[in-house]
Each structure stands twice: as C-alpha cells, then as structure tokens.
Amino acid sequence: LPKELFEAASCEGAGQFSQFLRVALPISVPVLAAIVLFSAIFHWNSWYDSYIYTYRDQLKTLQAVMVKILNQYQTGSMLSQAQQMAASAKKMPVSSESIRMAVTMTATLPIIMVYPFLQKYFIQGMLLGAVKD
C-alpha cells in the first residue's frame, strides 16, 4: 500500500489503529477475500490427512468418504464386462459412472455456491488500480 495514504491519515490525526481500520483494511478486502477463498478450497479438498490419520469411519471427513467411494467404483469399472454385468444385476440398477458423477458434484457444489458471494470482491480488486478518465 502506498505510504502517502498513511501519511495523509496521520496528518488528519489518525493513530496507527485507526489507520489500519480506515485505510489499510478497506483497501485489502479483495486480497483477504482471495486468501479466504483459496484457503477454504484447500481445506475442503484436503482429504488425504483424514484418509491417513483416522481409522474409524465416524471420524472421516466428507471428502475422504467421497474419495473412498470414487476409488471403489473406479476399480469396479476395471473389472471385465461380464463380471460388471453380473455384479450390476445383483447389486443395483445404478451404473458406477452415475455414482462417480454424483460424488463429483457433491464435492464441487459448495465451492460453486460460495464463489458468487466473493466475486464482488474480486471485481473490486481488479478495478481498484484501474485508470479513470
């Protein structure tokens, strides 16, 4: 952030805390929104820690359970076609591809729902340094 903004605020009589709240924080909101979004996506997609460190199914996170389901049905698709047809006739009428697609949508839907609320901060951050005529 430019030093001139803080110098102008100190000339107006603002202390350091007031400079932070009234100058630095409003300008940094787009950056903070991007950091919040990226860290939320990182934590939402971090299934590996739960997959390794927890043994009981009650303690596994949603992402670890979904990866387990994906792996289960992906290895099921590698079976020969005759085995697959026999298994599907016995077990369920739903194909493994539809289950994999449902798990994928379950994993991406919360991020898709959060992004529109944070989009205004990204647009504000892009327009912050724009030259105005």
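Since this is a predicted model, take the numbers as computed values, not measurements. (Residues numbered from 1 in each chain as written. Predicted model: local features only at pLDDT ≥ 70, side-chain atom pairs only at ≥ 80, totals over all residues. Heavy atoms only, no water.)

## Describing the side chain of Lys 60
Moving on, step 1. Assignment of secondary structure puts Lys 60 in the loop between α3 (48–53) and α4 (62–77).
Moving on, step 2. Salt bridges are absent for the buried Lys 60, whose nearest opposite-charge side chain, Asp 57, sits at 5.4 Å.
Moving on, step 3. A polar side-chain atom of Lys 60 sits 2.7 Å from the main-chain carbonyl oxygen of Thr 54.
Moving on, step 4. If sequence neighbours within four positions are ignored, Lys 60 has contacts with Ser 50, Tyr 51, Thr 54 and Val 65. (Helix = DSSP H or I, 4+ residues; strand = E, 2+ residues; numbered from the N terminus. Buried < 20%, exposed > 50% of the residue type's maximum accessible area, 1.4 Å probe, protein only. Lys, Arg positive; Asp, Glu negative; His and termini not counted. Salt bridge = Lys/Arg side-chain N within 4 Å of Asp/Glu carboxyl O. Polar contact = N/O pair within 3.5 Å; in protein donor to acceptor, adjacent residues only side chain to side chain. Contact = heavy atoms within 4.5 Å.)

## Overview of the pattern of salt bridges
Moving on, step 1. Going through the model one piece at a time under the given rule, you end up with one salt bridge.
Moving on, step 2. A salt bridge links Lys 68 to Asp 57, with the shortest nitrogen-to-oxygen separation between them at 4.0 Å. Here Lys 68, found in helix α4, pairs with Asp 57, found in the loop between α3 and α4; they are eleven residues apart in sequence, far enough to count as distant.
Moving on, step 3. The partly exposed category is assigned to Lys 68, whose relative accessible area is 45%.
Moving on, step 4. Overall, the relative accessible area of 54% leaves Asp 57 in the exposed class.

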